[in-house]
Structure formats: structure tokens, C-alpha cells
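# Coordinate analysis (summary)
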Amino acid sequence: MSQISEKVDVELDVATRLMYPRPVVLITCIDSSGKPNIIPVAWTMPTSFDPPLVAISIALKRYSHKLITETREFVINIPTKELVKKIDYLGSVSGMDVEKFDKSGLTALPAKRVKPPLIGECIAHIECELVSKLETGDHTIFVGKVVAAQSDKNIFATDYNLNKVRLILRHKKRYLTLGEYI
Ligand SMILES: Cc1cc2nc3c(=O)[nH]c(=O)nc-3n(C[C@H](O)[C@H](O)[C@H](O)COP(=O)(O)O)c2cc1C
């Protein structure tokens with residue numbers, strides 16, 4: 001039986017941490033010359049079935065913020081446990097300073113409908129065209145219309161087979177994977 005627990009106030013500047021752990025994705029985007037970048041993102045959500053829309057929230061100061069604003073396309077790549085070290089690296093450097101595909105050793109593959117590349121080592125890809133954006137404090141929510149999507153056929157048909165795949169969540173600057181169904 002669930003119980004009503006006693007609560008204490010949480011400082012407002014850490015209140016968003018009440019919404020962790022969160023799934024991590026790798027967003028690919030490009031600059032106006034076509035040079036790609038990768039940014040790990042934990043602040044994401046689906047936001048419409050019809051049309052299919054997804055939202056990602058990116059800080060104003062990120063290089064990727066400038067790229068998505070300028071070129072208006074991005075890909076959501078779904079990583080697994082095996083990529084955890086690369087994710088941590090990709091989130092510690094800026095595409096302003098380093099070529100993240102070269103430095104991480106990840107493979108850029110052509111997307112079907114958008115110019116930013118897919119990350120070959122990820123298990124799924126959601127290609128998006130920017131349809132709207134909303135400034136929210138120090139972040140912008142970018143809303144993307146899904147124009148193509150692909151997945152590893154052994155892992156996802158209409159839902160992930162969680163016996164075969166270990167998705168990644170972020171918590172306290174560390175990472176974990178999912179446990180069992182309840
Ligand atoms: C697991 C993880 C999740 C992150 N989530 C977000 C996020 O949701 N939004 C954001 O703006 N930055 C997020 N960051 C920080 C950016 O990934 C990081 O600042 C990155 O170096 C920015 O790259 P860029 O300057 O090339 O765009 C996250 C970092 C990590 C490691």
C-alpha cells in the first residue's frame with residue numbers, strides 16, 4: 001500500500017532535478033556550410049501524434065542552438081549503454097571548438113529527408129524539420145516535425161524490445177539504464 005510521506009521544501013534552483021533520471025538522446029545538426037555537430041540532450045519530449053511532433057530544449061549559449069536556429073533541421077539519435085563514454089565526452093566540448101564526429105570516432109551516415117547526418121552507432125533516428133520554437137528562460141524549445149524515422153529492426157518494430165537494448169538515462173552527472181517492468 002502506498003503512503004503519504006512527509007515533505008520538505010526543495011530549493012527552486014534544483015527543483016528540475018525532481019524530474020530526473022531522464023533519457024538521453026544525441027542530436028545532430030549542421031552549420032550553414034553543412035558541417036555537422038552532435039549535442040547530448042536530456043530535456044526532450046514527444047508533443048503531438050498527428051502531425052508527429054517532438055520537442056527538444058537547448059540552452060541559448062550552446063553552439064547547437066545557433067545551428068538549429070540557422071539551418072532549421074535536426075536528427076534525434078537514440079544511443080545505448082555502449083556509447084556512454086562518448087556521450088559524456090560530446091557533452092563536455094563544444095562544436096564551436098572541435099569537430100565532434102572526428103574526435104568521438106562516431107560514424108556520420110546520410111539521413112533520408114534532412115541534411116544533418118545520422119549517427120550510425122545509434123539504434124534509431126528521428127529526422128526533424130523545425131516548425132516552431134519557444135524561448136523559455138535560458139533555453140529554447142525547438143519543435144520538430146518528424147519527416148522520417150528509422151530503427152534497428154532487431155530492437156524496435158512498433159516498440160523497443162527492452163530485453164535486447166539498454167537505453168541510457170542521466171542522473172546526477174552519472175548514467176544508468178532501465179530496470180524491470182512493474
Ligand atoms: C547527458 C547530457 C545531457 C544534456 N542535456 C542537455 C539539454 O537537455 N539541453 C542542453 O542545452 N544541454 C544539455 N547538455 C549539455 C550539452 O550537451 C553540452 O553543453 C554540449 O557540450 C554542447 O555542445 P555544443 O556547444 O556543441 O552545442 C547535456 C549534456 C549531457 C552530457
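Residues numbered from 1 in each chain as written. Predicted model: local features only at pLDDT ≥ 70, side-chain atom pairs only at ≥ 80, totals over all residues. Heavy atoms only, no water.

## As for the pattern of salt bridges
- Evaluated as defined, the whole model comprises two salt bridges.
- With a shortest N-O distance of 2.9 Å, Glu70 and Lys66 are connected by a salt bridge. In this pair, Glu70 and Lys66 both sit in helix H1 (residues 63-71), four residues apart, roughly one turn of the helix.
- Here Arg170 and Asp88 are joined by a salt bridge, their closest N and O atoms 3.8 Å apart. With Arg170 in strand E11 (residues 168-171) and Asp88 in helix H2 (residues 84-90), this pair connects stretches of sequence that are 82 residues apart. (Salt bridge = Lys/Arg side-chain N within 4 Å of Asp/Glu carboxyl O. Helix = DSSP H or I, 4+ residues; strand = E, 2+ residues; numbered from the N terminus.)

## Describing a nonpolar patch on the surface
- On the surface, a nonpolar cluster with roughly 320 Å² of combined accessible area is contributed by Val10, Leu18 and Met19.
- The exposed category is assigned to Met19, whose relative accessible area is 57%. (Patch = residues over 30% accessible without salt bridge, like charges linked within 9 Å, V, L, I, M, F, W, Y side chains within 5 Å. Areas by Shrake-Rupley, 256 points an atom, 1.4 Å probe, with all protein chains shown as cover. Buried < 20%, exposed > 50% of the residue type's maximum accessible area, 1.4 Å probe, protein only.)

## Here's the deal with the site of the ligand
- In the vicinity of the ligand there are 23 residues, among which Ala59, Ser64, Val93, Ser94 and Gly95 approach most closely.
- Take Arg62: an N or O atom from its side chain is 2.9 Å from a nitrogen atom of the ligand.
- For the ligand, an oxygen atom lies 2.7 Å from a polar atom in the side chain of Ser94.
- Surface burial for the ligand is 90%, taken as the share of its 650 Å² of free accessible area covered by protein chains.
- If you map the ligand onto the pockets, it falls in the largest pocket.
- Counting only elements with at least two residues in the shell around the ligand, the list comes to strand E3 (36-41), strand E5 (53-59) and H1.
- Residue contributions to the shell around the ligand peak at four residues, all from E3. (Near = heavy atom within 4 Å. Polar contact = N/O pair within 3.5 Å; in protein donor to acceptor, adjacent residues only side chain to side chain. 1 Å grid on protein atoms, 1.4 Å probe; cavity = no way out; pocket = protein on both sides within 12 Å on 5 of 7 lines; lining within 4 Å. Sits in = over half its atoms within 2 Å of the grid points.)

## Considering the nonpolar core
- Ile27, Ile56, Ile68, Phe74 and Ile76 are the most contacted members of the largest nonpolar core, which has 23 residues in total.
- Counting only elements with at least two residues in this core, the list comes to strand E2 (25-30), E3, E5, H1, strand E6 (73-78), strand E9 (124-136) and strand E10 (139-151).
- Those residues within four positions of Ile68 in sequence are excluded, and the remaining contacts are Ile27, Cys29, Ile56, Ile58, Glu73, Phe74, Leu130 and Phe142.
- Leu90, Phe101, Cys122 and Ile168 belong to the second largest nonpolar core, which has 11 residues in total. (Core = buried A, V, L, I, M, F, W, Y, C linked by side-chain atoms within 4.5 Å. Contact = heavy atoms within 4.5 Å.)

## Things to note about the layout of surface pockets
- Considered as a void within the structure, the largest pocket measures approximately 1000 Å³ in volume.
- In terms of lining residues, the largest pocket is bounded by 34 residues, among which Tyr20, Pro40, Ala42, Arg62 and Arg170 are the most central.
- For the lining of the largest pocket, the secondary structure elements donating two or more residues are E3, E5, H1, H2 and E11.
- Broken down by element, the residue count for the lining of the largest pocket peaks at four residues, all from E3.
- Its residues assigned to classes, the lining of the largest pocket comprises 15 nonpolar, 10 polar and nine charged.
- The space that makes up the second largest pocket amounts to roughly 790 Å³.
- Looking at the second largest pocket, it is lined by 29 residues, and the ones nearest its centre are Pro46, Val54, Ile78, Ile126 and Tyr160.
- The set of elements that each furnish at least two residues to the lining of the second largest pocket consists of strand E4 (44-48), E5, E6, E9, E10 and E11. (Points joined across faces, edges and corners; volume = space filled by probe spheres on them. Nonpolar A, V, L, I, M, F, W, Y, C, P; charged D, E, K, R; others polar.)

## Quick notes on a positive patch on the surface
- Side chains of Arg17, Lys172, Lys173 and Arg174 sit close together on the surface and give a patch of like positive charge.
- Mapped onto the elements, Arg174 comes out in strand E12 (residues 174-177). (Lys, Arg positive; Asp, Glu negative; His and termini not counted. Charge placed at Lys NZ, Arg CZ, Asp CG, Glu CD.)

## Observations concerning the sheet that holds E12
- With antiparallel pairing, the three strands of this open sheet are ordered in space as E1-E11-E12. Two strands in the sheet have a free side with no partner beyond their single neighbour: strand E1 (22-23) and E12.
- Here four bridges tie E11 to E12, and the two strands are oriented antiparallel to one another. Bridge assignment links Ile168 to a residue of E12, and that residue is Thr177. (Pairing = 2+ DSSP bridges.)

Geometry only, nothing functional implied.
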